[in-house]
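Residue-level structural notes
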Protein chains: 2
Amino acid sequence: MSRIYATYFLETSQSLEHAASVIAGEQSCGTFITTPGETPELKERFGAKIERLEPIDKTTTPSLPGGKPGSTYYQATMTLSWPLENVGVNLPTLIATLLGNLFELSDHTGLKLLDITLPEEFSGRYPGPAFGISGTRTLTGVFQRPIIGTIIKPSVGLTPSATAELVQQLCDAGIDFIKDDELMADAPHSPLAERVERVMAVINSHAQKTGKKVMYAVNATDELDAMKRHHDVIVAHEGTCLMASLHSMGFAGLSALRKFSQLPIHGHRNGWGLYNRHPALGVSYVAWQKLWRLAGADHLHVNGLRNKFFESDASVASSLRAVLTPLFPDAPLAAMPVIASGQWAGQVPDTVNVAQSGDFMFVAGGGIIAHPGGPGAGVRSVIEAWEAAHQRISLPEYAKNHTALRQALETFGPTLVQ
Amino acid sequence: MSRIYATYFLETSQSLEHAASVIAGEQSCGTFITTPGETPELKERFGAKIERLEPIDKTTTPSLPGGKPGSTYYQATMTLSWPLENVGVNLPTLIATLLGNLFELSDHTGLKLLDITLPEEFSGRYPGPAFGISGTRTLTGVFQRPIIGTIIKPSVGLTPSATAELVQQLCDAGIDFIKDDELMADAPHSPLAERVERVMAVINSHAQKTGKKVMYAVNATDELDAMKRHHDVIVAHEGTCLMASLHSMGFAGLSALRKFSQLPIHGHRNGWGLYNRHPALGVSYVAWQKLWRLAGADHLHVNGLRNKFFESDASVASSLRAVLTPLFPDAPLAAMPVIASGQWAGQVPDTVNVAQSGDFMFVAGGGIIAHPGGPGAGVRSVIEAWEAAHQRISLPEYAKNHTALRQALETFGPTLVQ
């Protein structure tokens with residue numbers, strides 16, 4: 001019998017067993033008074049099971065308010081399991097089971113979903129990313145190193161023609177990948193259809209001249225019917241990628257997009273902090289990215305080492321490794337991790353070290369555009385950093401006879417690397 | 001020029017002005033190095049504005065980890081505004097603006113979206129609930145009092161025929177509304193099509209005999225193409241409601257459902273705790289419910305007074321009032337608030353007092369099914385509590401010559417009401 005497993009961080013003033021039982025009951029069969037139909041047989045068959053309850057620590061102050069008070073708060077990792085027949089192979093209902101009412105229970109003072117293991121039946125209904133790592137490499141023509149990207153900046157305000165001019169500079173600079181900002185999709189000052197037309201004209205002409213087709217992730221986040229129109233515009237102009245803000249779409253929304261999209265879906269994780277800023281509340285990225293891969297995201301943002309946000313390098317490393325880990329033994333559902341936020345050549349070696357490969361997109365904004373030698377030197381500096389990492393040569397050493405890297409170290413090194 | 005306004009709780013170790021500027025910059029035009037296209041004119045036109053920054057309090061311990069440390073943490077309410085042209089009339093992009101990367105910034109140690117005010121342009125593209133309060137009253141035939149509902153329990157495990165038997169008892173009891181549990185939609189042990197067929201046969205036959213059509217909110221949460229099939233099954237069997245777990249659907253998902261649904265959408269908020277368990281992180285229900293009403297939810301769960309979860313009565317009251325408050329002066333987009341969780345007759349008067357009307361669904365599980373006089377007396381006890389509240393008579397007084405209410409007070413009163 002196939003089962004769904006989920007591991008949580010749990011904190012409670014009560015016994016760990018009691019709190020775990022309440023959570024398991026709430027998320028399978030249970031109400032505040034036992035109802036007539038709730039037989040022992042039914043509870044045995046459909047009840048969630050506590051598979052493991054491993055104490056970690058104790059504390060005297062609760063991590064979250066709203067829980068039953070006590071003098072000691074016990075912390076543990078808890079693994080629950082549900083029979084697949086409770087929910088069926090149904091991602092939206094799975095979400096209600098893994099991440100539903102349980103966060104509201106007063107029987108805990110901390111609850112965070114850390115990881116999930118799904119039965120292979122899910123890979124039947126959910127084929128996952130249509131392009132993933134290999135499809136993205138084929139479309140960009142970049143096979144031997146990380147895909148180097150940048151972001152259209154300023155985030156908001158450029159006209160379609162100003163965007164196209166910027167894209168021309170970036171194409172000339174040798175970039176592999178360009179993305180829109182998440183704050184701007186089909187805005188009045190830059191209607192998507194016009195922006196795509198202008199930008200793709202530049203990209204297609206560059207491809208004709210050089211043989212290199214730059215991938216442009218058009219922010220097409222919108223209502224689904226509008227996204228279908230945006231998608232068709234991108235396809236008509238021979239675009240090769242579409243960006244979607246995951247939390248704006250939702251799981252059902254992203255799955256629906258996956259069904260009609262002929263383009264890789266660049267999954268932007270803005271809003272992630274809402275789920276992860278607190279260590280004792282929410283959903284770890286390790287669990288979260290599995291659900292988005294099931295829904296069909298081809299590229300998944302994982303932040304970057306030494307980023308401009310609050311997230312620690314250990315957390316980023318764990319996210320990066322998670323996206324590269326197969327989801328099922330016979331169906332990896334591999335997605336392409338996207339490194340972004342405060343990135344420049346300096347973080348490349350450590351990133352390669354974590355990924356144990358060059359299978360990631362490395363998206364740098366200022367680190368490329370504000371390079372003192374211009375965007376071309378910005379791109380070169382990242383490639384040189386990759387070459388150094390690949391050959392296990394330190395950046396300062398490699399920079400001795402690589403100008404772009406040396407300039408990057410001189411410009412961004414002192415201020416950005418501690 | 002139309003603008004979008006959002007008010008946040010903010011906590012920071014830095015100056016409030018600095019933190020607010022960083023957030024405003026991150027969510028409009030900004031990167032860690034000023035890029036060439038970022039002109040003063042562009043910043044002036046597209047930059048988010050700090051409209052108001054009102055200090056509340058100071059503390060010596062940060063509410064959230066990951067922020068820049070300091071000796072004092074300043075708390076404030078902050079109102080930002082954006083020109084509508086930054087995002088256009090686009091709910092999914094609005095989400096990325098209001099609730100995107102800002103939660104990850106290390107320049108704060110607490111950030112929660114408290115409320116939003118949207119320009120009326122939104123009501124043009126987003127017509128909101130198709131049924132709302134009046135449509136739901138018409139479909140149920142209940143006009144003068146709250147709509148009284150209950151939940152199919154046990155949550156998981158009943159066969160379609162066992163569900164239909166239970167529904168028969170509930171119809172006989174005089175119930176107005178019945179909902180599936182959020183944990184079970186189209187599961188192998190209770191396929192939706194078979195469950196709908198069996199249950200609607202009971203409901204339709206009851207309607208033919210009595211003239212009373214019970215509303216059954218079928219949990220149809222699923223992928224969108226499957227939801228369309230589920231929807232059509234419900235319509236074919238003359239069902240009058242469809243339930244969807246909001247967070248499983250996402251905004252784009254719910255909007256798409258709204259476009260094809262001929263049925264009221266019963267919006268279940270499971271997962272709400274994830275966004276609200278921490279007072280200094282997430283999204284208040286007051287802001288959240290506005291977005292779901294725009295997306296088209298007809299019914300919105302608001303928890304209940306003296307509920308079984310962690311939420312305070314003050315918070316529930318604020319949520320209930322929020323759902324009843326018009327969204328735009330010329331377009332109220334009214335949704336029906338749904339009271340649920342640990343409810344029985346006892347909470348009715350206080351709920352009426354908060355709502356200042358009977359415009360809500362009152363969903364009681366054990367409070368109806370486990371009533372000592374049976375489910376019929378359970379329903380009667382809630383109606384009697386409404387009559388008492390409406391006539392401003394205390395429950396114990398009214399119970400003197402109303403048996404069902406008296407039994408409810410005797411049974412649930414001592415354990416459930418403090």
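Before going into details, it helps to say that this report is about the structure given with it. (Residues numbered from 1 in each chain as written. Chains lettered and ligands numbered in written order. Predicted model: local features only at pLDDT ≥ 70, side-chain atom pairs only at ≥ 80, totals over all residues. Heavy atoms only, no water.)

In terms of helices and strands, chain A carries 18 helices and 13 strands. By principal-axis analysis of the C-alpha atoms, chain A measures approximately 75 × 45 × 40 Å. Going through the 418 residues of chain A one by one, you find that 66% of them count as buried. If you take every contact in chain A between residues at least 6 apart in sequence, the share linking residues at least 24 apart comes to 75%. Within the structure as shown, chain A displays about 13,700 Å² of accessible surface, and the carbon and sulfur contribution to it stands at 53%. (Helix = DSSP H or I, 4+ residues; strand = E, 2+ residues; numbered from the N terminus. Buried < 20%, exposed > 50% of the residue type's maximum accessible area, 1.4 Å probe, protein only. Contact = heavy atoms within 4.5 Å. Areas by Shrake-Rupley, 256 points an atom, 1.4 Å probe, with all protein chains shown as cover.)

On the chain B side, the residues contacting the 97 residues of chain A number 98 residues. Between chain A and chain B the total buried area reaches about 7,700 Å² when both faces are included, carbon and sulfur atoms providing 59% of it. Per-residue buried area on chain A facing chain B is highest for E104(A), L274(A) and R277(A); these three make up 12% of the total on that side. Along the contact surface separating chain A from chain B lie eight salt bridges. Measuring nitrogen to oxygen at the nearest pair gives 2.8 Å for the salt bridge that ties D222(A) to R125(B). Counting across the interface, chain A meets chain B through 39 residue pairs in polar contact (both at pLDDT 80 or more). Broken down by element, the residue count for the side of chain A that touches chain B peaks at 10 residues, all from helix α10 (residues 246-260) of chain A. (Buried area = accessible area lost by both parts, 1.4 Å probe. Salt bridge = Lys/Arg side-chain N within 4 Å of Asp/Glu carboxyl O. Polar contact = N/O pair within 3.5 Å; in protein donor to acceptor, adjacent residues only side chain to side chain.)

Superposing chain A onto chain B requires a rotation of 180° together with a translation of 0.0 Å along the rotation axis, leaving an RMSD of 0.0 Å. Given the turn and translation reported, the copies of this chain are related as if by a two-fold rotation axis. Relative to the rotation axis, the closest C-alpha in chain A is found at G250(A), a distance of 1.7 Å. Both copies share a contact surface, since 100% of the interface residues of chain A are interface residues in chain B too. (Least-squares fit on C-alpha atoms with pLDDT ≥ 70 in both.)

Once that is clear, we can look at the packing of aromatic side chains. Summed over all chains, the structure comprises 17 aromatic pairs over all chains. On the basis of an interplanar angle of 90° and a centroid distance of 5.4 Å, the ring pair of F251(B) and W288(B) is categorised as edge-to-face. In this pair, F251(B) is assigned in helix α9 (residues 246-260) and W288(B) in helix α11 (residues 285-295), connecting sequence segments 37 residues apart. An aromatic cluster of three or more residues is present, and its members are F251(A), Y275(A), W288(A), W292(A), F251(B), Y275(B), W288(B) and W292(B). (Phe/Tyr/Trp six-rings, centres within 6.5 Å; stacked < 30°, edge-to-face > 60°.)

Residues and elements named next belong to chain A. Within helix α4 (residues 91-99), nine of the nine residues are buried, which leaves the element mostly enclosed by the surrounding structure. For α4, the complete set of buried residues consists of L91, P92, T93, L94, I95, A96, T97, L98 and L99. Two to three positions downstream of the cap, the backbone nitrogen of T93 sits 3.0 Å from a side-chain oxygen, assigning the N-cap of α4 to N90.

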